[in-house]
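If you want the building blocks of each chain, they are given just below.
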Amino acid sequence: MEYPVLTIEIKNKEPVELLDLTNSLLSLSDEYKRFMMQADISVVPEGIKLYIKEIRTGSIITDIIAMAPAALPFLEHAKTVVTFATYFRTSIEYLLGKTVDKKPLLTKQNLNNIASFLEPIAKDSASQVNSHVTINGNITNIFNYNSVEANAIQNRAKKDIESLKEPVIGIKEKVL
């Protein structure tokens, strides 16, 4: 059996700054780690890692795998990758305004991770990101967003981050 593969394809017209691509992938990794730590799986945080299996030509196509910690059976691990991809897509679609059924519980860090993940797409007006999960040749959980949508998602994430800020209350002395 093969590990599930999360494929991220960035179709870009302009060159992508290395720092933007690196931060995008780091944000995806951090979001996966946060997702796994909230799941009902007893995995130590140090065991939760994503690995690049392959980078292919044709825009930027990255195959990412999550190696299963020893305590996690393959089928259970494959399910977590698909579940994570569903959570990630649902969160992005909520920020885009496509789903209003159920608001996902997104923290400031979740919102920052999503915005950072989309940065290379948002910066290039002719770009697009496509993603899918492949398990044993079966493709599932497809999403794609263009630059306009990526900018809208980032703007919504920034607004939601602002709304999460707690107002400063209390008496302040010697302050205007």
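Everything that follows concerns the structure shown earlier in this document.
Residues numbered from 1 in each chain as written. Predicted model: local features only at pLDDT ≥ 70, side-chain atom pairs only at ≥ 80, totals over all residues. Heavy atoms only, no water.

Turning our attention to the environment of His132. Inspection of the secondary structure assignment puts His132 in strand S4 (residues 128-135). Taking relative accessible area as the criterion, His132 reaches 23% and is therefore assigned partly exposed. Along the chain, His132 and Thr86 lie 46 residues apart, while their C-alpha atoms are 10.0 Å from each other. (Helix = DSSP H or I, 4+ residues; strand = E, 2+ residues; numbered from the N terminus. Buried < 20%, exposed > 50% of the residue type's maximum accessible area, 1.4 Å probe, protein only.)

This part covers the pattern of salt bridges. Enumeration according to the criterion identifies seven salt bridges in this entry. With a closest N to O distance of 2.8 Å, Lys123 and Asp20 form a salt bridge. With Lys123 in helix H4 (residues 119-123) and Asp20 in helix H1 (residues 18-38), this residue pair connects regions lying 103 residues apart in the sequence. Assessed through its relative accessible area of 11%, Asp20 is described here as buried. Linking Glu119 and Lys123 is a salt bridge whose minimum nitrogen-to-oxygen distance equals 3.9 Å. Of this pair, Glu119 and Lys123 both sit in helix H4, four residues apart, roughly one helical turn. The partly exposed category is assigned to Glu119, whose relative accessible area is 24%. One network of salt bridges, with partners in common, ties together Glu17, Asp20, Glu119 and Lys123. (Salt bridge = Lys/Arg side-chain N within 4 Å of Asp/Glu carboxyl O.)

Moving on: the side chain of Ser147. When you line up the elements, Ser147 lands in helix H5 (residues 147-164). For Ser147, a relative accessible area of 2% translates into the label buried.

Here we have five strands laid out as an open sheet, ordered S2-S3-S1-S4-S5, and antiparallel in their pairing. This sheet does not close on itself; its edge strands, each paired only once, are strand S2 (50-56) and strand S5 (138-146). Here the average twist between neighbouring strands, direction ignored, is 20 degrees. (Pairing = 2+ DSSP bridges. Axes fitted to C-alpha atoms, helices over the stretch in contact; angles between N-to-C directions.)

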